[in-house]
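Observations on the model geometry
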Amino acid sequence: MYQWRKFEFFEEKNPGKCSVPEEVEGKINCCSSGRGKIVVGCDDGMVNLLDRGFKFNHGFQAHATSVLFLQQLKQRNFLITIGEDEQTSPQLSPICLKVFDLDKTQPEGSSTTSPECIQILRIFTNQFPEAKITSFLVLEEAPPILHISIGLDNGSIYCIKGDIARERITRFKLQVDSVTDKTDASITGLGFRVDGQALQLFAVTPTSVSLFNLQDQPPRRHTLDQIGCNVNCVAMTDRLELIVGRPEAVYFYEVDGRGPCSAFEGEKKFVGWFRGYLLCVIADQRNGKNTFNIYDLKNRLIAHSTVISEVSHLICEWGNVILIMNDRTVISVGEKDMESKLDMLFKKNLYTVAINLVQTQQADAAATAEVLRKYGDHLYGKQDYDEAMSQYIYTIGYLEPSYVIQKFLDAQRIYNLTNYLEKLHEKGLGAKDHTTLLLNCYTKLKDVKKLNVFIKGEDGIGEHKFDVETAIRVCRAAGYHEHAMYVAKKAGKHEWYLKILLEDLDEYQEALLYISSLEPSQAGITMKEYGKILVEHKPVETVEILMKLCTEEESTNGGTLDGTYISMLPSPVDFLNMFIHHPKSLMDFLERYISVVRESPAQVEIHNTLLELYLSNDLNFPSMAQESTGEGSSTVGVSLTKSESKEKLAADAKDKDKEKDRLERLKKGLSLLKNGWPSDLEHPLYDVDLAIILCETNSFKEGLLFLYEKMKLYTEVIACYMQAHDHVGLIACCKKLGDSNSGGDSSLWGDLLKYFGELGEDCSKEVKEVLTYIERDDILPPIIVLQTLAKNPCLTLSVVKDYIARKLEKESKLIEEDHRAVEKYQESTLNMRKETHDLRTNARIFQLSKCTACSFTLDLPAVHFMCMHSFHQRCLGDNEKECPECAHEYRSVMEMKKSLEHNPKDHDSFFQQLKNSKDGFSVVAEYFGRGIVSKTSPTEPQKSANIPTRNGF
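Residues numbered from 1 in each chain as written. Predicted model: local features only at pLDDT ≥ 70, side-chain atom pairs only at ≥ 80, totals over all residues. Heavy atoms only, no water.

Selection rule: UniProt positions are given in the numbering used here, feature names are shortened, and annotations may be inferred rather than shown by experiment.
Looking at an unreviewed UniProt entry, the protein chain carries the name Vacuolar protein sorting-associated protein 11 homolog, with the source organism given as Papaver nudicaule. In its Subunit (unreviewed entry) section, the UniProt record describing the protein chain reads: "Core component of at least two putative endosomal tethering complexes, the homotypic fusion and vacuole protein sorting (HOPS) complex and the class C core vacuole/endosome tethering (CORVET) complex." Turning to the protein chain, the UniProt record has this under Function (unreviewed entry): "Involved in regulating membrane fusion at the tonoplast and the prevacuolar compartment."

1. Side note on the overall build of the protein chain
Quick note on the threshold: For helices the rule is a DSSP run of H or I covering at least 4 residues; for strands it is a run of E covering at least 2, with both sets numbered from the N terminus onward. Residue exposure (1.4 Å probe, protein chains only): buried if accessible area is under 20% of the type maximum, exposed if over 50%, otherwise partly exposed. In what follows, residue pairs with any heavy atoms lying within 4.5 Å of each other are defined as contacts. Each accessible area is a Shrake-Rupley result for a 1.4 Å probe, and residues are judged covered by the shown protein chains and nothing else.
Scanning the protein chain from terminus to terminus reveals 31 helices and 32 strands. Among the 953 residues that make up the protein chain, the fraction classed as buried is 42%. Considering only intrachain contacts with a sequence separation of at least 6, the fraction spanning at least 24 residues in the protein chain is 47%. Carbon and sulfur atoms form 50% of the exposed surface of the protein chain, whose accessible area is close to 53700 Å².

2. A few points about the packing of aromatic side chains
The condition that has to hold: Here a pair means two rings of Phe, Tyr or Trp (six-membered ring of Trp) with centres within 6.5 Å. Their orientation is stacked below 30 degrees between planes, edge-to-face above 60, and tilted elsewhere. Whether a charge sits over a ring comes down to the Lys NZ or Arg CZ being within 6 Å of the ring centre and within 35 degrees of the ring normal.
Scanning the model with the defined rule gives 24 aromatic pairs in all. Aromatic side chains Tyr-380 and Tyr-385 sit 5.2 Å apart centroid to centroid with 65° between the ring planes, which places their arrangement in the edge-to-face category. Taking the centre distance of 5.9 Å and the plane angle of 75° together, the rings of Phe-865 and Phe-871 count as edge-to-face. Aromatic rings pair up to connect Tyr-380, Tyr-385, Tyr-392, Tyr-403 and Phe-408 into one cluster. The side chain of Arg-413 reaches across the aromatic face of Tyr-385, ending 4.3 Å from its centre.

3. Here's the deal with the UniProt feature "domain: RING-type" (unreviewed entry) in the protein chain
Under the feature "domain: RING-type" (unreviewed entry), the UniProt entry names residues 851-886. Here residues 851-886 runs as 11% helix and 19% strand, with 15 Å between its end C-alpha atoms.

4. Examining the packing of helix α10 (residues 481-491) against helix α11 (residues 494-504)
Note the threshold: Comment: axis = line fitted to C-alpha atoms, over the contacting stretch for helices; angle = value between 0 and 180 degrees taken between N-to-C directions. Any angle that is under 35 degrees is reported as roughly parallel, and any over 145 degrees as roughly antiparallel; angles of 65 to 115 degrees are reported as roughly perpendicular and all others as oblique.
The geometry of α10 relative to α11 is characterised by a closest axis approach of 8 Å and an angle of 150° between their N-to-C directions. By the angle class used here, α10 and α11 are roughly antiparallel. On α11, the residues touching His-481, Ala-484, Met-485, Ala-488 and Lys-489 of α10 are Trp-496, Tyr-497, Ile-500, Leu-501 and Asp-504.

5. Section: the sheet that holds strand β3 (residues 28-34)
To keep things clear, this is the line we draw: When DSSP locates at least two bridges between a pair of strands, those strands are taken to pair.
Strands sit in the order β3-β4-β5-β6 across an open sheet of four strands; the sheet is antiparallel. The open sheet has two edge strands, β3 and β6 (55-61), and neither has a second partner. Between one strand axis and the next, the sheet turns by 20° as a mean value, whatever way the strands run. Note: strand β5 (residues 46-51) against β6, six bridges, orientation antiparallel. Residue pairing in the sheet places Val-47 in a bridge with Phe-60 of β6.

6. Description of the pattern of salt bridges
For clarity, the cut-off: Throughout this description, the term salt bridge denotes a Lys or Arg side-chain nitrogen within 4 Å of a carboxyl oxygen of Asp or Glu.
Per the stated rule, a full pass over the model turns up 24 salt bridges. Where Glu-248 meets Arg-246, a salt bridge forms, and the shortest distance between an N and an O atom there is 3.1 Å. Residue class for Glu-248 comes out partly exposed when judged on its relative accessible area of 34%. A salt bridge links Glu-426 to Lys-423; the nearest nitrogen and oxygen atoms lie 4.0 Å apart.

7. Thoughts on the packing of helix α4 (residues 385-394) against helix α6 (residues 414-426)
Our working definition: Two helices that cross are described as forming a left-handed crossing if the nearer one is turned anticlockwise from the farther one by less than a right angle, and a right-handed crossing if clockwise.
Where α4 meets α6, the axes come as close as 10 Å, and the angle between the chain directions of the two elements is 15°. Taken together, the axes of α4 and α6 are roughly parallel relative to one another. Read as a crossing pair, α4 and α6 show a hand that is right-handed. Of the residues in α6, those touching α4 at Tyr-385, Asp-386, Met-389, Tyr-392 and Ile-393 are Asn-416, Leu-417, Asn-419, Tyr-420 and Lys-423.

8. Things to note about unusual backbone geometry
Note that the residue after Gln-217, namely Pro-218, is joined by a cis bond; omega there is -5°. A cis geometry characterises the amide bond from Leu-860 onward to Pro-861, with omega recorded as -5°. Mapped onto the elements of the fold, Pro-861 is located in the loop between α27 (798-841) and β30 (862-865). One non-glycine residue, Glu-167, lies in the positive phi region at around 60°. Relative to the assigned elements, Glu-167 resides in the loop between β13 (156-163) and β14 (168-175). Although it is not a glycine, Gln-383 sits at a positive phi angle of roughly 65°. Considering the arrangement of structural elements, one finds Gln-383 in the loop between α3 (365-381) and α4. Overall, Gln-383 belongs to the exposed group, its relative accessible area being 58%.

9. Overview of helix α14 (residues 539-551)
Under the convention used in this document: Given the number of residues in a helix, its expected span is that number minus one, multiplied by 1.5 Å.
When the terminal C-alpha atoms of α14 are compared, their 18 Å separation across 13 residues agrees well with the 18 Å that a helix rising 1.5 Å per residue should span. Glu-552 lies just past α14 and shows a positive phi near 50°.

10. Comments concerning the environment of Leu-619
Of note, Leu-619 is situated in the loop between α18 (603-615) and α19 (638-675). Each residue touching Leu-619, except ones within four places of it in the same chain, is listed here: Pro-583, Met-587, Leu-613 and Arg-665.

11. Structural notes on the sheet that holds strand β17 (residues 208-213)
Read across the sheet, four strands follow the order β15-β16-β17-β18 without closing on themselves; strand pairing throughout is antiparallel. Either end of the sheet is taken by a strand with one partner, and the two such strands are β15 (189-195) and β18 (220-225). With strand direction ignored, the average angle separating the axes of adjacent strands in the sheet is 25°. Where β15 and strand β16 (residues 198-205) come together, seven bridges link them in antiparallel fashion. Looking at β16, one finds that Gly-191 is bridged to Phe-202.

12. Topic: the environment of Asp-327
To keep things clear, this is the line we draw: Under the rule applied, a polar contact is a pair of N or O atoms within 3.5 Å (in protein, one hydrogen donor and one hydrogen acceptor; residues adjacent in sequence only if both atoms are side-chain atoms).
Turning to its location among the elements, Asp-327 is positioned in the loop between β28 (320-325) and β29 (330-335). In sequence terms Asp-327 and Ser-312 are 15 residues apart; their C-alpha atoms lie 8.8 Å from each other. Reaching out from Asp-327, the side chain makes a polar contact with the side chain of Thr-329 at a distance of 2.7 Å.

13. Things to note about the pairing of strand β12 (residues 146-152)
Of all the seven residues making up β12, seven are buried; the element is thus mostly covered by neighbouring parts of the structure. Alternating positions in β12 separate into two faces, Leu-146, Ile-148, Ile-150 and Leu-152 on one and His-147, Ser-149 and Gly-151 on the other, with burial throughout. Counting the residues that bridge the hairpin from strand β11 (residues 133-140) to β12 gives five residues. Relative to β13, β12 is paired through six bridges, and the arrangement is antiparallel. Bridge pairing in β13 places Ile-150 opposite Tyr-158. What sits between the antiparallel neighbours β12 and β13 is a turn of three residues, in which Gly-155 has the positive phi angle 85°.

14. Digging into α11
Taken as a whole, α11 has its buried residues at His-494, Trp-496, Tyr-497, Leu-498, Ile-500, Leu-501 and Leu-502. If you follow the buried residues of α11, they end up packed against α9 (468-477), α10, α12 (508-517) and α13 (520-537).

15. Describing the pairing of strand β7 (residues 66-72)
Along β7, six of the seven residues are buried, which leaves the element largely enclosed by surrounding structure. Sheet topology places β7 next to strand β8 (residues 78-84); six bridges connect them, and they run antiparallel. Looking at the pairing, Gln-72 lines up with Leu-79 of β8. Counting the residues that bridge the hairpin from β7 to β8 gives five residues.

16. Concerning the side chain of His-425
The residue His-425 is located in helix α6 in this model. In this structure His-425 comes out as buried when scored by relative accessible area, which is 2%. One polar contact links the side chain of His-425 to the main-chain carbonyl oxygen of Leu-421, over a distance of 2.8 Å.

17. So, the confidence of the model for the protein chain
Where we set the bar: Confidence of the prediction at every residue is given by pLDDT, a number between 0 and 100.
On average, residues of the protein chain score 81 in pLDDT, and 89% of them reach the 70 mark or higher. In this model residues 621-640 is a low-confidence stretch, pLDDT under 50, and it forms eleven contacts with partners more than four residues away in sequence or in other chains. Contacts from residues 936-953, a stretch scored under 50 in pLDDT, to residues over four places away or in other chains number 17 contacts.

18. Brief notes about the state of the cysteines
Quick reminder of the rule: Pairs of cysteine sulfur atoms within 2.5 Å are identified as disulfides in what follows.
Counted under the stated rule, the structure contains zero disulfides. With no disulfide of its own, Cys-42 lies closest to Cys-30 among cysteine sulfurs, the gap being 7.9 Å. Here Cys-720 is not cross-linked by a disulfide; its sulfur's nearest cysteine counterpart is in Cys-733, at 8.9 Å. A relative accessible area of 14% means that Cys-720 is categorised as buried.

If you want it as structure tokens, here you go:
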């Protein structure tokens with residue numbers, strides 16, 4: 001006891017001012033607390049209720065003679081008392097148990113205002129003989145069930161369990177081993193222990209400590225110790241331990257026996273428990289005084305100690321420990337707040353005690369961290385840096401790390417700083433700056449082992465307790481590339497991993513292997529970012545990876561891919577910019593791609609790019625020969641001549657290879673133009689306008705001719721030959737494209753003749769050949785031919801002599817045929833006019849004697865038509881207006897006339913005939929000849945004479 005430190009963690013409330021109110025007249029036999037009040041029972045049978053500050057609230061007569069024991073329930077506002085009433089019969093004991101409902105008062109009309117007594121029980125019966133009551137305890141189970149235990153001086157314990165108010169109870173008796181001396185058998189203390197469903201009862205006598213298991217039937221007793229204690233020296237802790245106070249020590253008991261003890265000498269008058277503190281009133285035999293001590297058992301200190309007089313009762317309420325003295329004075333002791341206690345300890349530099357105090361009293365973590373910080377500052381001031389850091393480490397998560405870090409930035413304290421930063425990262429609280437600082441500490445200490453533990457010592461992916469990018473950046477800057485790559489790979493930072501491989505280590509092959517191991521989507525992203533440098537150093541391998549990304553060749557077994565599947569893969573167009581300085585590799589990549597993929601969504605863009613590569617004149621190729629210069633040569637003459645000769649040979653070889661490659665590319669370009677525009681497609685698989693521009697820019701004649709021909713721009717085709725003065729090709733092209741029978745344009749021969757007419761040089765042979773085709777298809781009139789060729793001063797009349805002779809002979813024959821036709825038409829017209837005049841001026845004699853229809857003799861009534869056909873009227877039926885024999889021919893003529901009258905309004909038909917005819921003039925003349933083109937004004941209706949065609953008798 002004398003080794004324990006003493007502190008004043010408690011203080012007396014209203015010292016010297018509290019006492020039992022005067023309204024409490026009797027001697028206090030018992031008291032209880034709960035629900036914000038103190039209840040005292042007196043020897044006059046009165047029960048008095050006291051409020052905070054020991055102010056009298058009210059009192060009532062609970063028993064007639066005396067109140068022996070009472071207990072205020074916590075869950076319900078019930079008061080249970082044991083007292084002595086008037087003895088009504090010698091056979092009945094005056095001791096009884098009463099239950100009061102403090103929320104209810106007596107019915108109106110009664111003489112008192114005491115609370116309602118809801119039940120009265122006789123404690124002693126024939127089965128439970130009377131004895132002196134020495135202890136009393138009530139346990140509230142699930143309401144309304146109560147468990148009451150009454151300890152007697154004969155070692156017996158009477159138990160009552162059930163709903164006391166409704167008298168639905170069970171009584172049973174527990175017996176401690178009997179002894180010859182009755183004083184040693186009395187029950188001095190009781191304590192309930194509830195652990196889940198298990199209900200146990202501690203029973204203490206002056207010579208034993210026993211435990212009853214109330215779940216068993218009958219309850220079994222287990223003796224825990226052969227020593228006991230006197231009355232008022234038994235209590236229960238909040239950990240459900242039994243406290244027994246004896247003169248030599250205070251003992252603690254669990255269900256399995258005696259536990260730890262605290263050796264506090266002196267006779268224990270009272271023992272209690274308050275918020276983790278042990279309360280003891282100890283009699284000092286040397287001076288005859290009593291000492292009231294409050295012990296903090298966990299921290300082994302005395303939280304309060306004061307000398308007092310004789311105590312009659314010890315209770316706890318309102319957060320205070322209350323001592324009622326024999327002289328009716330009251331001492332109320334309350335615990336100081338945590339801040340006051342800590343200030344007291346800090347002034348004495350008792351930081352370890354302060355730390356233990358806040359930890360045992362379950363203070364919040366922030367308060368604990370503040371105590372640790374102050375302790376750390378204290379040790380830091382004493383230059384005990386190692387111990388100070390150990391305290392600062394405990395504050396991680398509550399104290400700002402910069403507060404600690406700035407104290408240990410000195411190079412001499414780098415080990416302490418490293419330790420703090422390690423702990424900070426272990427708890428996942430390391431920021432970017434902290435990670436940078438820790439890694440710099442490792443690199444300055446050259447502690448590769450710790451660096452390995454920090455970087456590689458964590459399991460799982462993505463579980464780093466530090467900022468990944470910061471760690472990579474610091475390790476990379478310090479030259480620890482392996483560690484930086486490890487973190488990048490583990491965290492899935494592919495861009496950092498590749499950046500280190502390519503920019504720091506020049507491990508291009510390793511970078512390609514790493515990209516190959518990634519998911520296709522991620523691999524595509526990394527290739528876009530680092531593809532340029534990979535193509536520069538590993539072009540073949542890079543193209544291989546791109547092929548796998550864009551086609552997944554390994555899954556197709558060398559076959560072609562369909563468009564649905566290929567649309568899910570990256571497009572080669574996405575990677576074009578990485579080949580900006582390496583067109584040869586780009587050409588190889590795209591050629592391989594289109595050989596595998598036939599229907600790519602980006603087919604047009606790919607073909608456009610390939611065309612640009614194929615047709616380009618200045619495509620850069622890697623040098624086929626190394627140029628060498630004689631840097632260290634100091635000789636002149638022969639040596640210089642040899643060097644220049646070698647350079648010239650190398651340059652010639654390079655030019656030859658370049659020209660050869662260009663021709664091969666042009667060949668591929670023409671093939672791509674043709675294959676990209678098959679005959680069954682209306683539009684090609686490339687941009688036509690771009691292709692034409694490329695062909696013109698790079699003077700690719702074959703490509704231009706193909707495109708113009710496919711687009712039916714025949715004039716542009718022959719213009720190409722005209723620009724090149726290729727007369728043979730020009731005529732061959734016209735033979736191919738100018739044949740109207742095969743869908744060609746025969747007007748090309750006219751353009752060709754015009755070209756030769758304006759050429760200004762002798763081209764007689766070519767003109768004669770052209771005139772042959774013009775004459776064969778009758779493309780141009782002779783006069784136009786002569787006018788066109790007359791412009792060329794180098795051509796003579798002999799060139800067109802035969803052509804003109806043949807045309808004149810042919811025209812003469814046509815003129816003769818036209819004269820004969822005119823004479824025939826004139827004779828026919830004259831006959832028709834004569835017949836018409838005859839019909840109008842002379843009578844027509846009908847001499848037919850038979851009916852045209854039935855061939856029988858013609859009799860009346862008969863019908864005669866102007867066409868000289870006669871019929872019986874009966875043979876005509878209802879149709880008497882037209883001759884049945886001539887009706888069909890007549891209708892045909894009328895329909896033809898109606899059609900001809902409608903044709904002037906059908907302009908499309910007229911112009912279509914005019915376009916398709918070789919001789920447009922003949923079409924116009926035909927329309928004039930049929931009378932379709934009339935001079936009649938559209939505002940004047942055309943008058944027609946109706947000539948009668950029928951006469952009847």
